[in-house]
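Results of the structural survey
Take a look at the letters that make up each chain.
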Amino acid sequence: MPRITLIELVDYRKWTEELGYDREGLIQIEQSRIYNTIQKLFWLNNCFVLPFRYDYYIALTNGLNREKLSEIAGQIERETPYGVKTVSTTHKYPSIALYRASMIIRNNKFYYEDGDEDKYVIIHLDLNNITEMAFETSIYEAYLTILDVYRFISNYVFKHNGIASYLGGDNLLAILPEEKYELFLEIIPTYIKAGVGISHN
């Protein structure tokens, strides 16, 4: 059962509105700074944060014990205006672990569920020839193509109890249950390269 950790920035709307009337650029700067901190803290502990939303972060945290997660949550909290909530759960299906964490985080500042940790199946997807497409059409049209592929991949992966993330550029990530990934590889379009990693972290 892979471990999925959900991090919520507390009172996100409140602190973004406190940045003033002409704040959108400042919000982007602050979000980037906080994401940078969160990714570094988890990466240094053999974990990976999926870019998701700027008020919530999903981390793949196999091997991270309660004490270390609590320490990381404290470090993140010092970087945010109103603190964080952190919930870590395990389940055979990543989407269900995330669903459970989403329910638990409503009423808990910190929660760590003990449980066995199985391997992750992580598939890195890379769209072929997207740079050439950008030159032939436009960068924006190439970006729209990436978003269309991401929507297709996300919906398929979620129906098979996994989760997906857009990593930027022409890169996507899919996290699937071990028994589901081979079927997934059969349905992806031929213009997508896929690298599969099966590992504890």
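Structure: see above.
Here's what I pulled together on the structure shown here. (Residues numbered from 1 in each chain as written. Predicted model: local features only at pLDDT ≥ 70, side-chain atom pairs only at ≥ 80, totals over all residues. Heavy atoms only, no water.)

**Let's talk about the overall build of the chain**
A count of helical and extended segments in the chain gives 7 helices and 9 strands. Projected onto the principal axes, the alpha-carbon positions of the chain cover approximately 45 × 45 × 25 Å. Counting across all 201 residues of the chain, residues that qualify as buried make up 42%. Per element, the accessible surface of the chain, about 10900 Å² overall, is 52% carbon and sulfur. (Helix = DSSP H or I, 4+ residues; strand = E, 2+ residues; numbered from the N terminus. Buried < 20%, exposed > 50% of the residue type's maximum accessible area, 1.4 Å probe, protein only. Areas by Shrake-Rupley, 256 points an atom, 1.4 Å probe, with all protein chains shown as cover.)

**Thoughts on the layout of surface pockets**
The computed volume of the largest pocket comes to approximately 230 Å³. Forming the boundary of the largest pocket are Phe 52, Ile 58, Ser 95, Leu 98, Tyr 99, Ser 102, Tyr 150, Ser 154, Phe 158, Gly 162, Ile 163 and Ala 164. When residues of the lining of the largest pocket are traced back to their parent elements, those giving at least two are α4 (94-104), α6 (139-159) and β7 (163-168). The biggest single contributor to the lining of the largest pocket is α4, with 4 residues. Partitioning the lining of the largest pocket into residue classes produces 8 nonpolar, 4 polar and no charged. Volume-wise, the second largest pocket comes out at about 150 Å³. In terms of lining residues, the second largest pocket is bounded by Trp 43, Asn 46, Cys 47, Phe 48, Leu 60, Tyr 120, Ile 122, Leu 173 and Asn 201. (1 Å grid on protein atoms, 1.4 Å probe; cavity = no way out; pocket = protein on both sides within 12 Å on 5 of 7 lines; lining within 4 Å. Points joined across faces, edges and corners; volume = space filled by probe spheres on them. Nonpolar A, V, L, I, M, F, W, Y, C, P; charged D, E, K, R; others polar.)

**Topic: a nonpolar patch on the surface**
A contiguous nonpolar surface patch, about 370 Å² in accessible area, is contributed by Tyr 140, Tyr 143, Leu 144 and Leu 147. Summarising the element assignment, Leu 144 is placed in helix α6. Residue class for Leu 144 comes out partly exposed when judged on its relative accessible area of 35%. (Patch = residues over 30% accessible without salt bridge, like charges linked within 9 Å, V, L, I, M, F, W, Y side chains within 5 Å. Salt bridge = Lys/Arg side-chain N within 4 Å of Asp/Glu carboxyl O.)

**Brief notes about the environment of Arg 100**
Turning to its location among the elements, Arg 100 is positioned in helix α4. For the pair formed by Arg 100 and His 124, sequence separation is 24 residues and the distance between their alpha carbons is 25 Å. A distance of 3.3 Å separates a polar atom in the side chain of Arg 100 from the backbone oxygen of Thr 90. Only 2.4 Å separates the side chain of Arg 100 from the side chain of Glu 113, close enough to count as a polar contact. (Polar contact = N/O pair within 3.5 Å; in protein donor to acceptor, adjacent residues only side chain to side chain.)

**Description of the sheet that holds β7**
Ordered by their spatial adjacency, 4 strands build an open sheet running β7-β8-β6-β9, and the pairing between neighbours is antiparallel. Edge positions in the sheet fall to β7 and β9 (192-199), since each has one partner strand and no second. The sheet shows a mean angle of 20° between the axes of neighbouring strands, taken without regard to direction. For β7 and strand β8 (residues 171-176), the ladder comprises 5 bridges, and the chain directions are antiparallel. (Pairing = 2+ DSSP bridges. Axes fitted to C-alpha atoms, helices over the stretch in contact; angles between N-to-C directions.)

**Side note on a negative patch on the surface**
Taken together, the side chains of Asp 116, Asp 118, Glu 178, Glu 182 and Glu 186 present a region of like negative charge at the surface. Among the structural elements, Glu 178 can be located in the loop between β8 and α7 (181-187). (Lys, Arg positive; Asp, Glu negative; His and termini not counted. Charge placed at Lys NZ, Arg CZ, Asp CG, Glu CD.)

**What about the pattern of salt bridges?**
In the structure shown here, the tally under the stated rule is 11 salt bridges. Residue Arg 3 is joined to Glu 117 by a salt bridge in which the shortest nitrogen-to-oxygen separation is 2.7 Å. Placement of the pair is Arg 3 in strand β1 (residues 3-9) and Glu 117 in the loop between β5 (110-112) and β6 (120-127), with a sequence separation of 114 residues. Residue Arg 3 is classed as buried on the basis of its relative accessible area of 1%. Residue Lys 109 pairs with Glu 77 through a salt bridge whose shortest N-O separation is 2.4 Å. Remark: Glu 77 occurs in helix α3 (residues 66-79) and Lys 109 occurs in the loop between α4 and β5; sequence separation between them is 32 residues. Lys 109 sits in the partly exposed class, given a relative accessible area of 49%. By relative accessible area, which is 29% here, Glu 77 ends up partly exposed. Counted as one network, the salt bridges with shared partners bring together Glu 30, Arg 33 and Glu 79.

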